[in-house]
Amino acid sequence: MDLEEFLTEWHNDSPTVLVHTSGSTGKPKTMHVEKRRMEASARTTCEFLGLHEGDTALLCMSLDYIAGKMMVVRALTCGLLLIVQEPSGKPELPSFGEGLGIDLCAMVPLQVWNLLHDAEGRERLKQIRHLIIGGGAIDEALERELQDFPNAVWSTYGMTETLSHIALRRLNGPSRSNYYTPLPGVTLSQNEDSCLVIDAPAVHEGKLVTNDIIEPYPPSFGEGQWVGSFRILGRKDNVICSGGIKIQIEEAERLLRPHLSIPYLITRARDEKFGEIVVLLVEAPLSFPEEEKIARLCRQVLPKYWVPRRIIAVPHIPLTETGKPARAEAERLIPRGRNQGPL
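Residues numbered from 1 in each chain as written. Predicted model: local features only at pLDDT ≥ 70, side-chain atom pairs only at ≥ 80, totals over all residues. Heavy atoms only, no water.

*Asks:* Even after reading the chapter, I still don't get the state of the cysteines, so can you show me in this structure?
*Replies:* Linking two cysteines covalently via their sulfur atoms produces the bond known as a disulfide. Within the structure shown, the criterion is met by 0 disulfides. For the unlinked cysteine Cys 78, the closest cysteine sulfur is that of Cys 46, found at 3.4 Å. Overall, the relative accessible area of 16% leaves Cys 78 in the buried class. Cysteine Cys 105 remains unbridged, with the sulfur of Cys 60 as its closest cysteine sulfur at 3.9 Å. Judged by relative accessible area, which is 0%, Cys 105 ranks as buried. (Disulfide = S-S within 2.5 Å. Buried < 20%, exposed > 50% of the residue type's maximum accessible area, 1.4 Å probe, protein only.)

*Asks:* Got a minute to help me understand the packing of aromatic side chains in this structure?
*Replies:* In this description, a pair of aromatic rings is defined by centroid distance and the angle of the planes. On inspection of all chains with the given rule, the structure shows 6 aromatic pairs. Ring plane angle 65° and centroid distance 5.8 Å describe the contact between Phe 48 and Trp 154, whose orientation is recorded as edge-to-face. Of this pair, Phe 48 sits in helix H2 (residues 35–49) while Trp 154 sits in strand S7 (residues 152–159), and the two are 106 residues apart along the sequence. Phe 48 gets classed as partly exposed once you look at its relative accessible area, which sits at 36%. Ring pairs connect the aromatic residues Tyr 157, Tyr 180 and Phe 230, which therefore count as one cluster. It is Lys 35 that lies over the ring of Trp 10; its NZ or CZ is 5.9 Å from the centre. Just above the ring of Tyr 180 sits the side chain of Arg 169; from NZ or CZ to the centre is 5.5 Å. (Phe/Tyr/Trp six-rings, centres within 6.5 Å; stacked < 30°, edge-to-face > 60°. Helix = DSSP H or I, 4+ residues; strand = E, 2+ residues; numbered from the N terminus. Lys NZ or Arg CZ within 6 Å of the ring centre and 35° of its normal.)

*Asks:* Quick question: what am I supposed to make of the sheet that holds strand S8 (residues 164–170) here?
*Replies:* Sheets are built from strands paired through backbone hydrogen bonds, the pairs being either parallel or antiparallel. Overall, mixed pairing links the 7 strands, which are arranged S4-S3-S5-S6-S7-S8-S9 in an open sheet. Of all strands in the sheet, those bounded by a partner on one side alone are strand S4 (81–84) and strand S9 (181–182). Both strand S3 (residues 56–59) and S4 contribute to a ladder of 4 bridges, which runs parallel. Counterpart to Thr 56 in the pairing with S4 is Leu 81. Of the strands in this sheet, strand S5 (104–107), strand S6 (130–133), S7 and S8 touch H2, which is tilted by about 20° from S8. Packing of helix H4 (residues 109–116) onto the sheet brings it into contact with S5 and S6, and relative to S5 it is tilted by some 105°. (Pairing = 2+ DSSP bridges. Contact = heavy atoms within 4.5 Å. Axes fitted to C-alpha atoms, helices over the stretch in contact; angles between N-to-C directions.)

*Asks:* Is there a simple way to explain the pairing of strand S15 (residues 239–242) in this structure?
*Replies:* Successive residues of a regular strand alternate their side chains across the two faces of the sheet. The pairing of S15 with strand S16 (residues 245–248) spans 4 bridges and is antiparallel. Within S16, the residue paired with Ser 242 across the bridge is Ile 245. In sequence, S15 turns back onto S16 through a hairpin of 2 residues, with Gly 243 there showing a positive phi of about 60°.

*Asks:* Looking at this model, I keep getting lost on the nonpolar core. Mind explaining?
*Replies:* Nonpolar side chains tend toward joint burial in soluble globular proteins. Counting 45 residues, the largest nonpolar core has Met 38, Ile 198 and Phe 230 as its most contacted members. Tallying contributions element by element places helix H3 (residues 66–78) first for this core, with 7 residues. (Core = buried A, V, L, I, M, F, W, Y, C linked by side-chain atoms within 4.5 Å.)

*Asks:* Looking at this structure, how should I read the sheet that holds strand S14 (residues 229–235)?
*Replies:* The strand order S13-S10-S11-S12-S14 describes an open sheet built from 5 strands, whose pairing is antiparallel. Looking at the sheet topology across the chains shown, the edges are occupied by strand S13 (226–227) and S14. In this sheet, strand S12 (residues 208–217) lies alongside strand S11 (residues 195–199) in antiparallel orientation, the contact comprising 3 bridges. In the sheet register, Cys 195 faces S12, and the bridge partner there is Ile 213.

*Asks:* Where do I start with the pattern of salt bridges in this structure?
*Replies:* Side chains bearing opposite charge may pair, as long as their charged atoms lie close to each other. Here the structure, examined in full by the defined rule, presents 21 salt bridges. Here Glu 215 and Arg 231 are joined by a salt bridge, their closest N and O atoms 3.3 Å apart. Placement of the pair is Glu 215 in strand S12 and Arg 231 in strand S14, with a sequence separation of 16 residues. What makes Glu 215 partly exposed here is its relative accessible area of 29%. (Salt bridge = Lys/Arg side-chain N within 4 Å of Asp/Glu carboxyl O.)

Spelled out as structure tokens, the structure:
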């Protein structure tokens, strides 16, 4: 979808807009969301970030998904001057005079990473007054590279159902935090499975029970307790239960990240003995010595029962169009056979 198509849809007589989910945990789906709720989300973000009429916003994300659509809606609702760039892995950032720049820009981690590793791109990235990063996990190395930025850099938490983000985490400066803080009008709680429950009446009708397992701050004391801020541990459907041990996929990937430079993904396979086993997919040729090297690394940095029992080379790590791990596709890539491996 291009901007003209979206504006035609936005200004038609329908009270809703068609959006697509990313498909990170399964098959992508479509849904209709109310324009009035998108406007409410836009106002909340702009008020929280102190954006005003006439401020500049850069759109460099696809309009097929909610993140791109919401950048346009923020401009329309709050009177921002919208600058449009063709979506790409390395956006073209316009050059401004001294003391001027983009007031708001949303990117995915890959776009930020690519610009950080280009001298001119890095300097222009620093000029953005509010850079919001969503659509995927931000690893520790990327976060470290953003620490010297003079302006605000935020990690966002949200989904299509919440019309983009409902919580933000400051990544740099004296206000940086490991925890996401909900935006005004958003109330959070935790259910019996430790999953986040969102009550945001301005953007979603009724409470939204997520599959995201969280660590609340300050700690809550039982189901239904209010959550102030939170850290994401992983998704409920990304828990591998192997021989009675519960292994959070995202936590295992996080522990490997400082040590494994090749693209990789943790997934699972069915097993007669353990029920499920941990499988490591790697995007690299896998000779026996290389496999042994990776297995040894896993034994050094992972808890004993988290170590992959199979290491499998694949041509490409499966990702969604928005750059998130395609978990369901990853499971389908595992060849059938005996589940024996390096543990």
